[in-house]
Amino acid sequence: MLTIFSDDHRHQDGKAELCDGKIVPCFEMPRRARMILERVRSQKLGPVEPPQDFGRAPIERVHAPALVEFLATAWDAWQAAGFSHDALPYTWPVRRLRALEPDAIEGRLGYWCFDAATPITAGTWKAAYAAAQVALTGAARLSAGERAVFALCRPPGHHAASDLYGGYCFLNNAAIAAQALRDAGAARVAVLDVDYHHGNGTQEIFYRRADVLFASLHADPRQEFPYFLGHADERGEGPGEGLNLNYPMPQGTCFGKWMEALEEAYRRIDAWRPDALVVSLGVDTFEGDPISHFKLASADFHAYGSRLAGLRLPTLFVMEGGYAVEAIGVNAVNVLQGFEA
Ligand code: Q9C
Ligand code: ZN
């Protein structure tokens, strides 16, 4: 399988995030991508190629230009305000407050970002932009006839909505790729999100659309981040009614139960007859993940990867979460090798 990778991911190297009331070192770190790349190479998965540059236009097919401009300029504004450490928000326009973008960068961060775990650093824009180009290059190769491509994106993307970032995500790489596949002629695209966390950003982007089906297997938002989206009764709206499929599961879920949900999502995707599949590939469902609570073993990743090949669709794997850094390469590449087996 072809892998697309950019070394520019290393410019997103945040120092700290707010986690359960404590400031802790960022779980989303450059070593994650290095470990995956090392495993791609040692297993001889296939060629590794750099991204092409498609510019901002395909990003703005799913994101508000104002969010894109904020991400591209936030660090400069933060520095101009006299700060040199990572930029995190601490106040948000939640219930009873007014969602008007303030002038002060400290407030603007809370306007555009929904959590306190996603630091903007000097290199955030460079890294996030490169990740989007990796996804777009993967989509272009799929449109040109490739059976499957691995977009080794970092930072991840599925929590980023049209006009909000958060959850370690800035630009929604999978949504940008799905839209690019549509724009290249695929009439229907399915996005299957297997990350431990609900893909709230991808859901929001396609919620009212008849041309993109979104299915997500994830920890129940009553128990887990992102807490405020991802319930089973969110089924899509208007033209998108019935095309948003959420499979929330309790903490402690084992592979057997998880696979039952995957089989159900598989049937729904298969019956819808899409032209292409985008897999939001988070491997934080692993039993050893430090911030997650599902119980998949490394061999289980190979098993479900192999099942996904049964859909017989051009498939773009887009890297999302996974924080057990020592095992992340094995787990991610197991899915891809299972797919090819
Ligand atoms: N105590 C992705 O997997 N907060 N994002 C975790 C744990 C944020 C995860 C706090 C988790 C974001 C792409
Ligand atoms: Zn996740």
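Everything discussed here concerns the structure shown above.
What counts and how
- Residues numbered from 1 in each chain as written.
- Chains lettered and ligands numbered in written order.
- Predicted model: local features only at pLDDT ≥ 70, side-chain atom pairs only at ≥ 80, totals over all residues.
- Near = placed C-beta within 6 Å.
- Nonpolar A, V, L, I, M, F, W, Y, C, P; charged D, E, K, R; others polar.
- Helix = DSSP H or I, 4+ residues; strand = E, 2+ residues; numbered from the N terminus.
- Buried ≥ 20, exposed ≤ 12 C-beta atoms within 10 Å, placed from the backbone.
- Pairing = 2+ DSSP bridges.
- Right-handed = clockwise from strand over helix to strand, strands pointing away.
- Expected span 1.5 Å × (residues − 1).
- Arc of directions from axis to C-beta.
- Contact = placed C-beta atoms within 7 Å.

This part covers the site of ligand 1. Residues in close proximity to ligand 1 total 16 residues, the closest being C19, P156, G167, I291 and G321. Here the shell around ligand 1 is composed, by residue class, of seven nonpolar, five polar and four charged.

Time to look at the environment of G240. Assignment of secondary structure puts G240 in the loop between β7 (212-219) and β8 (244-249). The class of G240 is partly exposed, set by 19 C-beta atoms lying within 10 Å. G240 sits 192 residues away from V48 along the chain, and the two C-alpha atoms are 36 Å apart.

The next thing to look at is the pairing of strand β10 (residues 315-319). Looking along a regular strand, one sees side chains alternate from face to face of the sheet. The buried count for β10 comes to five of five residues, which makes it a mostly enclosed element. Across four bridges, the pairing between strand β5 (residues 148-151) and β10 is parallel. When the bridges of β10 are listed, F150 appears paired with F317. In the sheet, strand β9 (residues 276-281) pairs with β10 via five bridges, with the strands oriented parallel. Pairing of L277 across the sheet is with T315, part of β10. For the handedness criterion, the β-α-β arrangement of β9, helix α8 (residues 298-308) and β10 is classed as right-handed.

A separate point is helix α7 (residues 255-272). Count 3.6 residues to each turn of an α-helix, and residues three or four apart come out pointing the same way. Relative to the 26 Å expected for 18 residues at 1.5 Å per residue, α7 spans 25 Å between its end C-alpha atoms, a close match to the ideal helical length. Turning to α7, its buried residues number three or more, namely W258, A261, L262, A265 and I269. The buried side chains of α7 occupy one side of the element, clustering within an arc of 100° when seen end-on. In α7, the exposed residues that point more than 90 degrees away from the buried face are G256, E263, R267 and A271. Buried-residue contacts for α7 involve β6 (189-193), β7, β8 and α8. R273 occupies a position one or two residues after α7 and carries a positive phi of about 55°.

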